[in-house]
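Descriptive structure summary
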Amino acid sequence: MTVNGWLQIALFVAFVLALTRPLGGYMTRVFTGERTWLSPVLGPVERGFYRLAGTSEREDQHWLAYVVAMLVFNAAGFLLLYGLQRAQGMLPFNPQGMGAVPETLAFNTAVSFVTNTNWQNYGGEGTMSYLVQMSGLAVQNFLSAATGIALAVALIRGFARREAHAIGNFWVDMTRATLYVLLPISILLALFLVWQGVPQTLGPSVEATTLEGARQVIALGPMASQIAIKMLGTNGGGFMNANAAHPFENPTALSNLVQMVAIFAIGAALTNVFGRMVGNERQGFAILAAMGVLFAAGVAACYASEASGNPLVHALGIAGGNMEGKEVRFGIALSSLFAVVTTAASCGAVNAMHDSFTALGGMIPIINMELGEIIVGGVGAGLYGILLFVVIAVFIAGLMVGRTPEYVGKKIEAREVKLALLALLILPLAMLGFTAIATVLPSAVASIANPGPHGFSEILYAYTSAAANNGSAFAGLTGNTDWYNVTLGIAMFVGRFLMIVPAVAIAGSLAAKKTVPASAGTLPTDGGLFVGLLVGAILVIGGLTFFPALALGPIVEHFQILATAAHSG
Amino acid sequence: MLKQIRPALVLLVLFTLLTGLAYPLGMTGLAAVLFPQKAAGSLVMRDGTVVGSALIGQNFAGEAYFHGRPSATLGPDPADPSKSVAAPYNASNSMGSNLGPSNPALIDRIKAEKDALAATNPGAAVPMDLVTTSGSGLDPDISPEAAFFQVPRVAKARGMDEAVLRALVAAHVDGRLFGIIGEPRVNVFALNLDLDRQAGG
């Protein structure tokens, strides 16, 4: 580790923190229907959309109607994306003449983008036409992110409203998230990225004659517009196979820094939206602080492990940190930081190949995803994820002192705790259940690229990433088989929607409750004690659930490497 | 449920038109006006032909050029297109090796690379980035140490003075942005292009 490496990490954190309050304030105004400086332009568009759709911003929905609207919208998006991939050969914007995407791959990809996972069993430049990239994949980048933000706002309303039967209107929240938040920032971000060197063209691949006279076919495309929303919406699906490691997707250290900030910006701002809407910004800062503690620990562990390098390589007489699968312009600090950021949020973009990380360095992304991506997290998903843990944390605290727990003025009772546990148990079931089946199924084991415990880690990573809706991979695993296309698709679906429904049910249940004034016996949830309690609850639940699986994969691999290096040295 | 079908379909169509066509096409138009060269892929021309992109690494194998990092990209086998064979710096199929840290194939590959490199500059420490593949397989850069490591070999092949070559490499070292962001690096393609230009002129 170097001082300069830590300086870059500190710079990143400073940027995110500087954006949290301004963006949080702006988003609060957007979702409470107040005027913003974009209203003169976007207001008429917004109202026109509602009129055509037959809905109105005055129409408030019960939580069940909210969930149904969300599910119908996502189902329609899934069908459209599946259809576009199957028909791409007959559609325009296809200069490389790509043919139809096979059935199971198209199924996997459609689920993947609708659930904000963006797991990629395909290589972008070799499979998808420009039309599918722009009008299929990138549209879901916007809409799955908007869906997540809408759900988070609905859950916040559950805490903020008193004796209300409704939690907002899905169509309005989703439309506002896209028009006022995602689209304007994406436009600025896309222009910035082109300035840094990211291509934005509809022209076909270019054939170059290299200095040594060889032929090099350089794939191009309308990348900048797609990468902007892929980062901002924590989607993560790359235009190119190598994702943000590709010099076109992420040409400079500066584009890398800005892309990382974009991944965290909305998720961090949503904690501030929460604080503002429940009437005490400190409640939001406390949640962000708990996230910060876990984030700092992850960065330190990952960076330390990558910087110390691979003992088996050192035994060959080559000194230095682990550079396999990393780009020189990012180096070890920015590659480690990116890996932690992308898995703390549910982004899944990668600027280095996680499969080639050191055993412990590669374990950190797995842990981040296993905890449910609640360290800032996916846009919206991170906030409702951590609020589920908050429910558990205040419940545990309540048990310790023998009082009915309260959080931001709402009594947390059996129903909320049961629903939160249901949502939190779905994830490990999908992650560990599918991993267990795949490790005994010969056709699934055949997809493994690396021998020994690392092969197990590849499978564990795949289902963890799918169920957590991350989308990054230990990419050596051959995921484009019928087994993985279908089961990863199911894991993504389960991890997204079976988590959302209980979360919105909690919102409905909380919204209907009275607000109780804080008393001497109320646990303050805006201070250090609560931050510690929340971090503790997350680590205990996560640790008990996942430690055995980690011990079989990265941990045993780490000791195996140490033992082998000791013998050869 | 039926009540939700109209807004679902209408908004899906409207947002597909807005975010799936108007936004990317608008950005394409704007990028073509503001940053035409970069939007088209930062292509580099020499004598009227495209010789590469300033951002994309290319394969250098000859003694007279500085080499980039090993690349794990694959391409279709000319004999049987359903199979893949090694095709370093294939810019239409970016990928890393995805070899895990404990994989003997990784360690064997690194050892072979190291032995080959050590023979070209005996006694010097082999830099890490010259024996490891990049994440994209298209890394345009090497570390300054990796560039200086190759000076004796290139100088010999070109019949150049090592000190002159060393100065040229030093001129191609890009530092960190504001002294903090990123890592020092040398763009191999730009360096080799310059090398050819000097030799030609």
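None of the values given here were measured: they were computed from a predicted structure.

Turning next to the overall build of chain B. Summing up its helical and strand segments, chain B has seven helices and seven strands in all. Listing every helix and strand of chain B by position from the N terminus yields α-α-β-β-β-β-α-β-α-α-α-β-β-α. For 201 residues, the compact-globule estimate of 2.2 N^0.38 gives 17 Å, and chain B exceeds it by more than 25% at 22 Å. Counting only C-alpha atoms, chain B reaches 75 × 45 × 45 Å along its principal axes. For chain B, with 201 residues in total, the buried portion stands at 52%.

Each helix and strand counted, chain A has 19 helices and four strands in total. Across its three principal axes, chain A shows a C-alpha extent of roughly 75 × 55 × 45 Å. Relative to its full complement of 569 residues, chain A shows a buried share of 66%. Contacts spanning at least 24 positions in sequence make up 79% of the contacts within chain A whose residues lie at least 6 apart. One way to put it: in chain A the 25 positive side-chain charges average out to a point 14 Å from where the 26 negative ones average out.

For the rest of this paragraph, the subject is the pattern of salt bridges. For the coordinates displayed, the defined rule picks out 28 salt bridges over all chains. For the salt bridge of aspartate 139 of chain B with arginine 329 of chain A, the shortest nitrogen-to-oxygen distance reads 4.0 Å. Residue aspartate 139 of chain B is found in the loop between helix H3 (104–120) and strand E5 (141–142), and its partner arginine 329 of chain A is found in the loop between helix H11 (311–314) and helix H12 (331–344); the two belong to separate chains. Comparing aspartate 139 of chain B with arginine 329 of chain A shows no difference in burial state: the two are buried. With a shortest N-O distance of 4.0 Å, glutamate 406 of chain A and lysine 411 of chain A are connected by a salt bridge.

Turning to unusual backbone geometry, a few remarks are in order. Despite not being glycine, threonine 234 of chain A has its phi angle at roughly 45°, a positive value. Structurally, the position occupied by threonine 234 of chain A is in the loop between helix H8 (223–232) and helix H9 (253–277). One non-glycine residue, asparagine 98 of chain B, lies in positive phi territory at about 55°. Considering the arrangement of structural elements, one finds asparagine 98 of chain B in the loop between strand E4 (84–86) and H3. Residue class for asparagine 98 of chain B comes out buried when judged on its relative accessible area of 10%.

Further remarks concern the sheet that holds strand E7 (residues 185–187) of chain B. Residues and elements named next belong to chain B. Strand order across the open sheet formed by three strands is E5-E7-E6, with antiparallel pairing between neighbours. Every interior strand has two partners, whereas the edge strands, E5 and strand E6 (173–174), have only one. The pairing of E6 with E7 spans two bridges and is antiparallel. Note that in E7 the partner of valine 173 across the bridge is valine 186. Each of E5 and E7 is contacted by helix H7 (residues 188–200), which is oriented at about 55° to E7, the strand it contacts most.

Our focus in this paragraph is the interface of chain B and chain A. Many authors give the size of an interface as the accessible area that is lost as the parts come together. Between chain B and chain A, the residue contacts involve 99 residues of the former and 105 residues of the latter. Of all residues in chain B, Tyr23, Asn98 and Pro101 of chain B give up the largest surface area on contact with chain A, accounting jointly for 9% of the area buried on that side. Among the salt bridges present, the one from glutamate 59 of chain A reaches lysine 3 of chain B, with a minimum N-O distance of 3.6 Å. Put simply, chain B and chain A have 38 residue pairs in polar contact (both at pLDDT 80 or more) between them. For the side of chain B that touches chain A, the secondary structure elements donating two or more residues are helix H1 (5–34), helix H2 (36–39), strand E1 (43–46), strand E2 (49–53), H3, E5 and H7 of chain B. Looking at the side of chain B that touches chain A element by element, the count peaks at 23 residues for H1 of chain B. In the side of chain B that touches chain A, the residues fall into 52 nonpolar, 32 polar and 15 charged.

Attention now moves to the side chain of glutamine 283 of chain A. Looking at the element boundaries, glutamine 283 of chain A is found in helix H10 (residues 281–308). What glutamine 283 of chain A contacts, discounting residues up to four positions off in sequence, is Phe274, Val278, Tyr407, Val408, Thr525 and Asp526 of chain A.

Inspection of every chain in the model, using the stated rule, returns 23 aromatic pairs over all chains. For the pair phenylalanine 78 of chain A and phenylalanine 107 of chain A, a centre-to-centre distance of 6.2 Å together with 80° between the ring planes defines the contact as edge-to-face. With phenylalanine 78 of chain A in helix H3 (residues 63–87) and phenylalanine 107 of chain A in helix H4 (residues 103–114), the pair connects residues that are 29 residues apart, well separated along the chain. Exposure remark for phenylalanine 78 of chain A: the relative accessible area of 21% places this residue in the partly exposed category. In this structure an aromatic cluster arises from ring pairing among Tyr66, Phe73, Phe170 and Trp171 of chain A. In this structure, arginine 158 of chain B packs its charged tip against the face of tyrosine 65 of chain B, placed 5.1 Å from the ring centre.

Turning next to the confidence of the model for chain B. Looking at chain B, the pLDDT average stands at 94 and 99% of residues meet or exceed 70. Of the two predicted TM-score estimates for the complex, the pTM is 0.95 and the ipTM is 0.95.

With that settled, consider the domain arrangement of chain B. Looking at chain B, the domain boundaries give domain 1 (2–37) and domain 2 (41–70 + 101–199). With centres defined by C-alpha atoms, the gap from domain 1 of chain B to domain 2 of chain B works out at 42 Å.

In this section: the nonpolar core. Within the largest apolar cluster, 241 residues are counted, with the highest numbers of intra-cluster contacts made by Phe12, Met27, Phe264, Ile266, Phe274 and Tyr407 of chain A. If you count residues domain by domain, this core takes at least three from each of domain 1 (2–37) and domain 2 (41–70 + 101–199) of chain B. Among all residues touching phenylalanine 12 of chain A, those that are not within four sequence positions of it are Leu257, Met260, Val261, Phe264, Phe295, Leu337 and Val341 of chain A. Core analysis: the next-biggest nonpolar cluster, separate from the first, contains twelve residues, Leu105, Phe113, Leu131 and Leu137 of chain A among them.

Another point: the pairing of strand E2 (residues 215–218) of chain A. All names here are of chain A. The alternating pattern of E2 places Gln216 and Ile218 on a buried face, while none of Arg215 and Val217, on the opposite face, is buried. By the bridge criterion, four bridges tie strand E1 (residues 206–209) to E2 in an arrangement that is antiparallel. Within E2, the residue paired with valine 206 across the bridge is isoleucine 218.

Take helix H14 (residues 381–401) of chain A next. Residue and element names in this part refer to chain A. An ideal rise of 1.5 Å per residue puts 30 Å on 21 residues; H14 measures up with 31 Å between its terminal C-alpha atoms. A large share of H14 lies buried, amounting to 15 of its 21 residues. A positive backbone phi angle near 75° is found at glycine 402, which sits one or two residues after H14.

What follows concerns the state of the cysteines. Evaluated as defined, the whole model comprises zero disulfides over all chains. Cysteine 347 of chain A carries a free sulfur, and the closest cysteine sulfur to it, the one in cysteine 302 of chain A, is 15 Å from it.

On to a nonpolar patch on the surface. Taken together, the side chains of Ile396, Met400 and Val401 of chain A make up a nonpolar region of the molecular surface, amounting to roughly 300 Å² of accessible area. Tracing the backbone shows isoleucine 396 of chain A in helix H14.

Moving on, we come to the pairing of E1 of chain B. Residues and elements named next belong to chain B. The pairing of E1 with E2 spans four bridges and is classified as antiparallel. Opposite arginine 46, over in E2, you have threonine 49 as the bridge partner. The loop that links E1 with its antiparallel partner E2 comprises two residues; one of these, aspartate 47, has a positive phi angle of about 50°.

Next up on the list: the packing of helix H15 (residues 414–440) of chain A against helix H17 (residues 453–467) of chain A. If you want to describe how two helices pack, look at the angle between their axes and the distance between the axes. All names here are of chain A. The N-to-C vectors of H15 and H17 enclose an angle of 145°; their axes lie 8 Å apart at closest approach. With respect to the hand of their crossing, H15 and H17 are arranged in right-handed fashion. The residues of H17 that touch H15, namely those facing Leu427, Ala430, Met431, Leu432, Phe434, Thr435, Ala438 and Thr439, are Phe456, Ile459, Leu460, Tyr463, Thr464 and Ala467. For the contact of H15 with H17, a count of residues per class yields eleven nonpolar, three polar and no charged.

Turning to the packing of H15 of chain A against helix H18 (residues 482–511) of chain A, a few remarks are in order. All names here are of chain A. Where H15 contacts H18, the two axes come as close as 8 Å, and the packing angle between them is 175°. Taken as axis vectors, H15 and H18 run roughly antiparallel relative to one another. Its residues assigned to classes, the contact of H15 with H18 shows 21 nonpolar, three polar and two charged.

Definitions and cut-offs
- Residues numbered from 1 in each chain as written.
- Chains lettered and ligands numbered in written order.
- Predicted model: local features only at pLDDT ≥ 70, side-chain atom pairs only at ≥ 80, totals over all residues.
- Heavy atoms only, no water.
- Helix = DSSP H or I, 4+ residues; strand = E, 2+ residues; numbered from the N terminus.
- Rg over C-alpha atoms; globule rule 2.2 N^0.38 Å.
- Buried < 20%, exposed > 50% of the residue type's maximum accessible area, 1.4 Å probe, protein only.
- Contact = heavy atoms within 4.5 Å.
- Lys, Arg positive; Asp, Glu negative; His and termini not counted.
- Charge placed at Lys NZ, Arg CZ, Asp CG, Glu CD.
- Salt bridge = Lys/Arg side-chain N within 4 Å of Asp/Glu carboxyl O.
- Pairing = 2+ DSSP bridges.
- Axes fitted to C-alpha atoms, helices over the stretch in contact; angles between N-to-C directions.
- Buried area = accessible area lost by both parts, 1.4 Å probe.
- Polar contact = N/O pair within 3.5 Å; in protein donor to acceptor, adjacent residues only side chain to side chain.
- Nonpolar A, V, L, I, M, F, W, Y, C, P; charged D, E, K, R; others polar.
- Phe/Tyr/Trp six-rings, centres within 6.5 Å; stacked < 30°, edge-to-face > 60°.
- Lys NZ or Arg CZ within 6 Å of the ring centre and 35° of its normal.
- pLDDT = per-residue confidence, 0-100.
- Domains from an automatic or database assignment.
- Core = buried A, V, L, I, M, F, W, Y, C linked by side-chain atoms within 4.5 Å.
- Expected span 1.5 Å × (residues − 1).
- Disulfide = S-S within 2.5 Å.
- Patch = residues over 30% accessible without salt bridge, like charges linked within 9 Å, V, L, I, M, F, W, Y side chains within 5 Å.
- Areas by Shrake-Rupley, 256 points an atom, 1.4 Å probe, with all protein chains shown as cover.
- Left-handed = near helix turned anticlockwise from the far one by under 90°.
- Parallel < 35°, antiparallel > 145°, perpendicular 65-115°, else oblique.

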